[in-house]
Amino acid sequence: MLNVPTLWTAFVVNFLALGLIWAFVMRSYPSFQAARFWTASAFAAAAGAGIAMLLMVTNSLIPLLVGGTIVILSGCLAAMGIERFYDSPVSWRATLLITGLSFAGIALFVFGHDSSTMRIVIYSIGQIVPLALTLKLLFSREDGRVNYGARLTGIIAMLIIAIYVLRIVAKVFLIGGDFSFVQFNTPQSVVILALVFLSMSLNFGFLVMAIDRLRNEVADLALMDDLTGVANRRLLLQRLSEECARSERSNQPFALLVIDLDSFKAINDNHGHAAGDACLQHFTLMAQTRLRPGDTLARAGGDEFCIVLPAATSREGAMVARRIVEVCREDAAACTANEVPIAVSIGVAQWTREVGGFPDRLIAAADHALYVAKKEGKNRYSVYETSPPLAPEAATTSDLVLRRHA
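Every value quoted in this text rests on a predicted model; they were computed, and no experiment measured them.

The rules we used
- Residues numbered from 1 in each chain as written.
- Predicted model: local features only at pLDDT ≥ 70, side-chain atom pairs only at ≥ 80, totals over all residues.
- Heavy atoms only, no water.
- Helix = DSSP H or I, 4+ residues; strand = E, 2+ residues; numbered from the N terminus.
- Rg over C-alpha atoms; globule rule 2.2 N^0.38 Å.
- Buried < 20%, exposed > 50% of the residue type's maximum accessible area, 1.4 Å probe, protein only.
- Contact = heavy atoms within 4.5 Å.
- Areas by Shrake-Rupley, 256 points an atom, 1.4 Å probe, with all protein chains shown as cover.
- Phe/Tyr/Trp six-rings, centres within 6.5 Å; stacked < 30°, edge-to-face > 60°.
- Patch = residues over 30% accessible without salt bridge, like charges linked within 9 Å, V, L, I, M, F, W, Y side chains within 5 Å.
- Salt bridge = Lys/Arg side-chain N within 4 Å of Asp/Glu carboxyl O.
- Axes fitted to C-alpha atoms, helices over the stretch in contact; angles between N-to-C directions.
- Parallel < 35°, antiparallel > 145°, perpendicular 65-115°, else oblique.
- Nonpolar A, V, L, I, M, F, W, Y, C, P; charged D, E, K, R; others polar.
- Pairing = 2+ DSSP bridges.

Student: It is not clear to me how the overall build of the chain should be interpreted in this structure. Could you clarify?
Tutor: The helix and strand tally for the chain stands at 12 helices and 6 strands. On C-alpha atoms alone, the chain measures out to a radius of gyration of 32 Å, which is more than a quarter above the 22 Å that the 2.2 N^0.38 rule sets for 406 residues. Across the 406 residues of the chain, 48% fall into the buried class. Sequence-distant contacts, at least 24 apart, represent 68% of the contacts inside the chain between residues at least 6 apart. Accessible surface, the chain: about 20,100 Å² in total, of which carbon and sulfur atoms supply 62%.

Below, the structure written as structure tokens:
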């Protein structure tokens, strides 16, 4: 039979190894702040278990009091890491309260009234509370995505809580013999073995959470334009496909704006590519101030941008286009001699049944409207839309009208 000292030794060694792993993660990814708490948690667990093991070479219960309190602190630090992972407020006050009350309760039943039952009850509650408080976060969605590492961690946390609850019940009702650190019976060994395995699994869950986060960040970067920080062409086509499919199901239109910076080649030639890049960045900032929540601004390439307006008609798209043209005109009017004015031309098109599930058809319509805006003198927008039929039998899908706007 495995004895408890052997299992606790394995506990110490494993958590020292986990602490080193988390220390490496913390150093490699300084912005991943949850790793700091998980590093501290692993080292604290190893230290607490090591101190508690001194009970075997001394008749005093002080190592049990100190070591048990430090292990409870490690559980609180792990919970703080979960909170930090989800960008939730981290409360040192709650950690100190749980740790302090646990220390006081265990001390009371060490020095005031010797009761191993109450010590185990208080210690178990001190381990249960911080884990229970993080379950809601672990089973929530992160930015609308399911983090499977967090789900795994939540399930493991529930198993740990269940073992501590069973330990309390077994100790209070004397089921399975004496459940204490100094009694090396089979139930005690099984409990310690289960807790060692689940504690390691909990940290494995933390690692999977971190991997999921990093993978999502890489995926997000693959859909963003490096220069401007807005969506790139890949995400634009993805959003257009989604909106076309949604419109086909609901028959609800959406609008697309195709935007081109006027005389952008001249800006690059006369002021340099750095100035051209600055103009692209400045334009995205101005355009974003005129968009609705849920609208997608994307850089299609070079000096061409697109804006996807969900649940919008061509009329609403024209209103957004007018606001963007006006803010660019106002900014250009306020430019000093050393600044480069920005002017844009915009083509607006609305999804119709003829477009169906083919985004390229909508892009072609908006491009045609953009061409008209350029031809009419630039620094303006133009709307491409189907004309209303004079009579039901006279309706054709080829009847189109272009509205030009200065």
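Student: Can you walk me through the packing of aromatic side chains in this structure?
Tutor: Aromatic ring pairs are reported here in terms of the distance separating the ring centres and the angle at which the planes meet. Applying the stated rule across the entire model yields 10 aromatic pairs. Residues Phe11 and Phe15 carry aromatic rings whose centres are separated by 4.6 Å and whose planes lie at 35 degrees to one another, so their mutual orientation is tilted. Taken together, the positions of Phe11 and Phe15, both in helix 1 (residues 4-28) and 4 residues apart, correspond to about one turn of that helix. For the pair Phe11 and Phe15, a shared accessibility class is recorded, and that class is buried. The rings of Trp22, Phe32, Trp38, Phe85, Tyr86 and Phe206 are connected pair by pair, giving a single aromatic cluster.

Student: How should I be thinking about unusual backbone geometry in this particular structure?
Tutor: With glycine set apart, most residues show a phi of negative sign, and most peptide bonds adopt trans. The residue Asp87 is not glycine, and still its phi comes out positive at about 60 degrees. Unusually for a residue other than glycine, Ser263 sits at a positive phi of about 55 degrees. Tracing the backbone through its elements, the reader meets Ser263 in the loop between strand 1 (255-261) and helix 9 (264-271). Residue classification places Ser263 among the partly exposed residues on the basis of a relative accessible area of 42%.

Student: Help me out: how do you make sense of a nonpolar patch on the surface in this one?
Tutor: The grouping of Val165, Val169, Val172, Phe173 and Ile175 at the surface amounts to a nonpolar patch, some 440 Å² of accessible area in total. Following the sequence through the fold, Ile175 ends up in the loop between helix 6 (148-172) and helix 7 (186-221). Look at Ile175 and you get partly exposed, because its relative accessible area is 49%.

Student: I'm lost on the packing of helix 3 (residues 62-85) against helix 5 (residues 116-138) in this one. Help?
Tutor: Any two packed helices are characterised by the angle at which their axes cross and by the distance between the axes. Where helix 3 contacts helix 5, the two axes come as close as 9 Å, and the packing angle between them is 5 degrees. Relative to helix 5, the element helix 3 lies roughly parallel. Taken together, the residues of helix 5 that come into contact with helix 3 (itself represented by Leu64, Gly68, Val71, Ile72, Gly75, Cys76, Ala79, Ile82 and Glu83) are Arg119, Tyr123, Gly126, Gln127, Pro130, Thr134, Leu137 and Leu138. Classifying every residue of the contact of helix 3 with helix 5 gives 10 nonpolar, 5 polar and 2 charged.

Student: How do you make sense of the pairing of strand 4 (residues 344-350) when you look at a structure like this?
Tutor: Side-chain direction in a regular strand flips from residue to residue, so the side chains alternate between the two faces of the sheet. For strand 4, a buried count of 6 out of 7 residues is recorded, marking the element as mostly surrounded by other parts of the structure. Here strand 1 runs beside strand 4; their pairing, made up of 7 bridges, is antiparallel. The residue of strand 4 that forms the bridge with Asp260 is Ser345.

Student: I tried to follow the environment of Tyr29 on my own but got confused; where do I start?
Tutor: With respect to the helices and strands, Tyr29 occurs in the loop between helix 1 and helix 2 (34-52). By relative accessible area, Tyr29 is classed as partly exposed at 41%. On a C-alpha basis, the gap between Tyr29 and Arg234 in space is 28 Å, while along the polypeptide they are 205 residues apart.

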